[in-house]
Amino acid sequence: MDDRVIIRFDHVTKQYDDDLPVLDDVSFEIERGKFYTLLGPSGCGKTTILRLVAGFIEPTKGDIYFHGKRINNVPANKRQVNTVFQDYALFPHLNVFENVAFGLRIKKMPKADIERKVKEALRFVNLEGYEQRAIHEMSGGQRQRVAIARAIVNEPDVLLLDEPLSALDLKLRTEMQYELRELQRRLGITFIFVTHDQEEALAMSDEIFVLNKGKIQQRGTPKDIYDEPVNRFVADFIGESNIITGTMIDDFVVEFANQQFTCVDHGFAKNEQVDIVIRPEDLELTTVERGKLRVRVDSVLFRGVHYELCCYDTHGNEWLVHSTKKADIGEEIGLHFEPEAIHVMKQSGGE
Amino acid sequence: MRRYAYAIPYWLWIGLFVIAPIILIVYYSFFDIEGHFSLVNYETFFTPVYLRMTFNSFWYAFLITAISLLIAYPTAYLLTKTKHKQLWLLLIILPTWVNLLLKAYAFLGLFGTYGAVNALFEALGIGTKQLLFTDFSFVFVSVYIFIPFMILPIFNALEKLNPSLIDAARDLGANEWTTFRRVIFPLTLDGVKAGCQAVFIPSLSLFMLTRLIAGNRVITLGTAVEQHFLVTQNWGMGATIAVFLMIAMASIMALTGNKKWGVRQ
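This one's a predicted model, so the numbers in the text were calculated from it and none came from an experiment.

**Observations regarding the domain arrangement of chain A**
Residue and element names in this part refer to chain A. Each assigned domain of chain A is listed with its residue range as follows: domain 1 (5-232) and domain 2 (242-346). Contacts between domain 1 and domain 2 engage 8 residues on the former and 9 residues on the latter. Summing both partners gives a buried area of about 740 Å² for domain 1 against domain 2, and 45% of it is carried by carbon and sulfur. Counting the contacts that link domain 1 with domain 2 gives 1 salt bridge. Applying the counting criterion to the domain 1 and domain 2 interface returns 4 residue pairs in polar contact (both at pLDDT 80 or more). Looking at the side of domain 1 that touches domain 2, the element that brings in the most residues is helix H7 (residues 222-227), giving 3 residues. Residues of the side of domain 1 that touches domain 2, tallied by class, amount to 4 nonpolar, 1 polar and 3 charged.

If you want it as structure tokens, here you go:
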């Protein structure tokens, strides 16, 4: 067994009563020292995975291994993992120091050590001098940091973060993304981060698990997942995209919008029905004559860094284009793209 | 001006039914049995007879509160975990709608020499016991009557408790007992205090039960007030005891006064 593997899920299913399983026969491995993100819409099972790792719930079927040992029935308080909760779950009756010291006091650590470690943890999250503050005196961002300090002070092997940034405003959220990534590098421990925000996932992770309906749809680096989505769901969930159906005529030749195009994909059956993804930023505005596709502009939105154009081709397919060039509504334009911009996916959705 | 007009019924009510009676009680406490102004009632209060009664009142009120709390907290805790909690809660509240006197008479029947409990004892071979007119039956019946008032505020406090705080404590290594001791109990302390006030204060001045259930074997300040006003007609002494009862209650309210924790931040 690879000793870099720290957590292993072996055909884990979680089901409440007779409802559909919230997690359906999921297997994966988590390695030491990496930043993982579980990404998916609400109800996809990402928080369930987190709660299974933390030990708040037990799997209905399958096994969970931690450092190679089966931990299905080990209670949360006996696991080497700590959690940063979505609502922070700071103890309102304790001040900042006592909140952070909570885990150490339970371990009956000597007072001087507690003092030193708590101060160190607070320095780590830039909250020096806030020891005696009450929790209700802290702002949202500060509470967030207290929650992180309270978790990392216990030196867990794995830190679980349950949508910890969702309650913060945009500017603070972006700032905390940098800080969390930086913190993970400095601590060198495994982070498992849960979010439904794809930009957050792409910006922070070493590896992303995209989940839907209790199953892992795709796992890979942010670049893999963005550039090579395996199915319609992943393509649609990660970033904005144009997804249309097409036919794989032959290796490197695909047909959609009643035209044939060269592409870089191969290994499909002849004339297989496929889904095609082209990212809006890969479509380039040009004249009708030079364009590979001929479309009519339906609406134009100014997005700051670019214009977002919504166009329709003659077959009624919608094309979303991100461009720095502007076009007028109703105007006929051409769209140009490289063969690499075409991503072909199997319709069944497998990898 | 309109705003003040709305407050008139409120101030009338408070004035007539709260402030005026208190002033009257304090006024009466300065008259002896012949109607002369004097401090003799206050001197009498500090004699062993009345000090003993005061001690008794506090002791029984303390017993009733402590036993209620010991039963009510686990009950409230279990209630928050049950499926049909509103139904269970209703069943607990229901007896409070029955008149106190009726409940007391029901216990006279149950605990009497030929009552249901003694019949059961007889059948089990334990033999008939003297249940009525004992300290035990007094405390038992009082706890029975007051326990809903202890369960309700504790139940509400437990319901308001953010469940992720319990997860957080477990996550940080606390076992179930430590979680209870360091997180659940401190955060429901307000409910416990409210419950203790709701039980301790009325049980300090209990009077009817002392006669019906305890057969005047337990004499508390409440009994003494009743006797002075209705039997010995010494209104001055009765009022003086009432003054001390009010002082005691006010100080308990002040001592258990709430500092508010935001339960869900």
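**Here's the deal with the pattern of salt bridges**
All names here are of chain A. Summed over the entire model, instances satisfying the criterion amount to 25 salt bridges over all chains. In this structure, aspartate 24 engages lysine 215 in a salt bridge whose closest nitrogen and oxygen atoms are separated by 3.8 Å. Taken together, the positions of aspartate 24 in strand S2 (residues 23-31) and lysine 215 in strand S10 (residues 215-220) put the pair 191 residues apart, joining distant regions of the chain. Given the relative accessible area of 37%, lysine 215 is considered partly exposed. The partner of lysine 34 in a salt bridge is glutamate 31, and the shortest N-O contact between them spans 3.6 Å. The exposure class assigned to lysine 34 is partly exposed, which follows from its relative accessible area of 27%. Overlapping salt bridges, with partners in common, bring together Glu31, Lys34, Glu207 and Arg219 in one network.

Rules behind the numbers
- Residues numbered from 1 in each chain as written.
- Chains lettered and ligands numbered in written order.
- Predicted model: local features only at pLDDT ≥ 70, side-chain atom pairs only at ≥ 80, totals over all residues.
- Heavy atoms only, no water.
- Domains from an automatic or database assignment.
- Contact = heavy atoms within 4.5 Å.
- Buried area = accessible area lost by both parts, 1.4 Å probe.
- Salt bridge = Lys/Arg side-chain N within 4 Å of Asp/Glu carboxyl O.
- Polar contact = N/O pair within 3.5 Å; in protein donor to acceptor, adjacent residues only side chain to side chain.
- Helix = DSSP H or I, 4+ residues; strand = E, 2+ residues; numbered from the N terminus.
- Nonpolar A, V, L, I, M, F, W, Y, C, P; charged D, E, K, R; others polar.
- Buried < 20%, exposed > 50% of the residue type's maximum accessible area, 1.4 Å probe, protein only.

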